[in-house]
Number of protein chains: 2
Amino acid sequence: MLRLYDKLSSGNGYKARLLLHQLGLPFERVEVDTLGGATRTPEYLSINPIGKIPTLRLEDGDHLAESNAILYFLAQGTPYWPGEPRTQAEALKWMFFEQYSHEPAIAVVRSWIQYENMPDGAEDQLARKYQDGYAALQVMEDRLAEQDFLAGDRYSIADISLFAYTHVAGQGGFDLAPYAAIRAWLDRIEGQPGFVPITLG
Amino acid sequence: MLRLYDKLSSGNGYKARLLLHQLGLPFERVEVDTLGGATRTPEYLSINPIGKIPTLRLEDGDHLAESNAILYFLAQGTPYWPGEPRTQAEALKWMFFEQYSHEPAIAVVRSWIQYENMPDGAEDQLARKYQDGYAALQVMEDRLAEQDFLAGDRYSIADISLFAYTHVAGQGGFDLAPYAAIRAWLDRIEGQPGFVPITLG
């Protein structure tokens with residue numbers, strides 16, 4: 001059986017969890033105490049040298065890291081991965097955007113506020129992170145004002161990737177009220193077959 | 001003809017440039033003055049709303065953003081993209097690692113030093129970025145001590161993605177001397193057919 005090393009509150013973990021549920025794939029979930037250092041132990045680093053969650057243990061005992069790579073792997077041969085190379089590249093474009101331009105602002109601020117773990121001296125970074133986060137939201141808003149989903153014309157792992165931290169952006173103090181197209185897209189995703197909330201393990 | 005909106009000193013631009021050369025694909029290159037604000041003009045944002053380089057203009061006039069998504073698209077159907085889904089996922093794992101754990105440390109420090117554009121107050125971040133950058137290098141070193149290339153057993157776009165900023169890490173003050181496996185891997189990449197240096201447009 002598949003095994004997901006995960007953290008329930010993590011959007012990165014939730015990406016894998018949501019797709020596993022939507023695919024109807026049974027899996028066992030191991031909650032990892034990331035804030036307590038459990039991703040830095042020799043045991044954990046032996047399965048994921050990058051030292052982050054999620055990590056997916058495959059049925060052959062091999063391990064795959066990086067949330068968006070896990071989405072790619074699980075989605076192969078399913079409708080969650082687009083069929084055309086140009087649309088595939090567009091999905092990946094959004095997933096790289098997620099890791100570089102969205103997550104480091106929106107997810108990091110959420111973590112700082114939710115866990116009160118903002119590093120000393122990071123107050124100066126906070127304003128910049130709000131600015132970067134809102135800029136990322138605007139890029140999404142402009143796309144979603146024209147199309148129902150991010151890559152091509154149907155729901156894909158690009159939507160899962162960006163849904164994960166966008167739908168909880170309010171927990172970091174981001175106000176989604178002005179982003180009507182994003183809010184409609186969040187609703188569309190919550191209406192997808194097999195959808196489960198981030199709070200479900 | 002393909003057109004690459006690019007910046008010669010950019011590792012992200014170089015990723016696309018290097019693969020285009022290795023594939024023998026003719027392209028025209030447009031140098032974009034990123035530091036002078038040329039990626040924030042309405043004209044540029046209309047082709048890449050994320051406002052970064054590189055952007056690839058395809059032959060049909062459509063535009064693709066995000067360096068690693070461009071690599072994916074260009075590599076389809078070529079030996080630079082692995083054939084097996086598990087190895088493909090591993091290549092993407094390294095490419096997401098590049099954008100999240102490697103580039104924000106190693107490329108950003110290089111830019112701060114090379115262009116003397118470190119933001120006010122970022123001195124506190126510098127030590128952390130060196131720490132993060134060396135941690136990323138160690139993850140690569142451990143992999144490359146066991147295998148010649150990052151994903152599977154042959155050269156792929158995962159290697160191109162991480163070569164881009166690793167081989168110029170010294171320009172940001174990173175010392176690669178202790179990383180013997182990385183240095184041997186850099187040599188292997190420079191010996192690949194069609195290799196061109198970052199200085200070649």
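Residues numbered from 1 in each chain as written. Chains lettered and ligands numbered in written order. Predicted model: local features only at pLDDT ≥ 70, side-chain atom pairs only at ≥ 80, totals over all residues.

Looking now at the pairing of strand 1 (residues 2-6) of chain B. In regular strands, side chains alternate between the two faces of the sheet. All names here are of chain B. By the bridge criterion, 5 bridges tie strand 1 to strand 2 (residues 27-31) in an arrangement that is parallel. Across the sheet, Tyr 5 pairs through a bridge with Val 30, a residue of strand 2. For the crossover from strand 1 across helix 1 (residues 11-23) to strand 2, the handedness is right-handed. Looking at chain direction, strand 1 and strand 3 (residues 55-57) are connected through 3 bridges and run antiparallel. By the bridge assignment, Tyr 5 is partnered in strand 3 with Thr 55. (Pairing = 2+ DSSP bridges. Helix = DSSP H or I, 4+ residues; strand = E, 2+ residues; numbered from the N terminus. Right-handed = clockwise from strand over helix to strand, strands pointing away.)

Residue and element names in this part refer to chain B. A sheet is described by the order of its strands in space; here 4 strands give the open sequence 2-1-3-4, paired in mixed fashion. Only two strands of the sheet have a single partner each, and these edge strands are strand 2 and strand 4 (63-65). Going across the sheet, the axis of each strand differs from the next one's by a mean of 20 degrees, ignoring polarity. Across the sheet, helix 1 is in contact with strand 1, strand 2 and strand 3; its angle to strand 1 comes to roughly 150 degrees. (Axes fitted to C-alpha atoms, helices over the stretch in contact; angles between N-to-C directions. Contact = placed C-beta atoms within 7 Å.)

Residue and element names in this part refer to chain A. Taken domain by domain, chain A holds domain 1 (2-75) and domain 2 (85-190). Inter-centroid distance (C-alpha atoms) of domain 1 to domain 2 is 21 Å. If you look at the interface, domain 1 gives 11 residues, while domain 2 gives 11 residues. If you list the elements that add at least two residues to the side of domain 1 that touches domain 2, you get helix 1 (11-23) and helix 3 (67-75). (Domains from an automatic or database assignment.)

Before going further, it helps to examine the nonpolar core. In this structure, A:Leu19, B:Leu19 and B:Ile157 are the most contacted members of the largest nonpolar core, which totals 103 residues. It is helix 4 (residues 85-114) of chain A that contributes the most residues to this core, 13 residues altogether. In this structure A:Leu19 touches A:Leu71, A:Leu74, A:Ala75, A:Tyr80, A:Ile157 and A:Ile160, once residues within four positions along its chain are discounted. (Core = buried A, V, L, I, M, F, W, Y, C linked by C-beta atoms within 7 Å. Buried ≥ 20, exposed ≤ 12 C-beta atoms within 10 Å, placed from the backbone.)

What follows is about the packing of helix 1 of chain A against helix 3 of chain A. Residue and element names in this part refer to chain A. Where helix 1 meets helix 3, the closest approach of the two axes is 8 Å, and the angle between their N-to-C directions is 10 degrees. One way to sum up the angle between helix 1 and helix 3 is to call them roughly parallel. Residue-level contacts link Asn 12, Lys 15, Ala 16, Leu 19, Leu 20 and Leu 23 of helix 1 to Ser 67, Ile 70, Leu 71, Leu 74 and Ala 75 of helix 3. Tallied by class, the residues present in the contact of helix 1 with helix 3 amount to 8 nonpolar, 2 polar and 1 charged. (Parallel < 35°, antiparallel > 145°, perpendicular 65-115°, else oblique. Nonpolar A, V, L, I, M, F, W, Y, C, P; charged D, E, K, R; others polar.)

To continue, consider the environment of A:Tyr100. Residue and element names in this part refer to chain A. Here Tyr 100 is to be found in helix 4. Given 23 C-beta atoms within a 10 Å radius, Tyr 100 is considered buried. With 45 residues separating them in the primary sequence, Tyr 100 and Thr 55 have C-alpha atoms 20 Å apart.

Per-residue pLDDT for chain A has a mean of 96; in total, 100% of the residues score no lower than 70. Model confidence for the complex is summarised by a pTM of 0.97, with the ipTM given as 0.97. (pLDDT = per-residue confidence, 0-100.)

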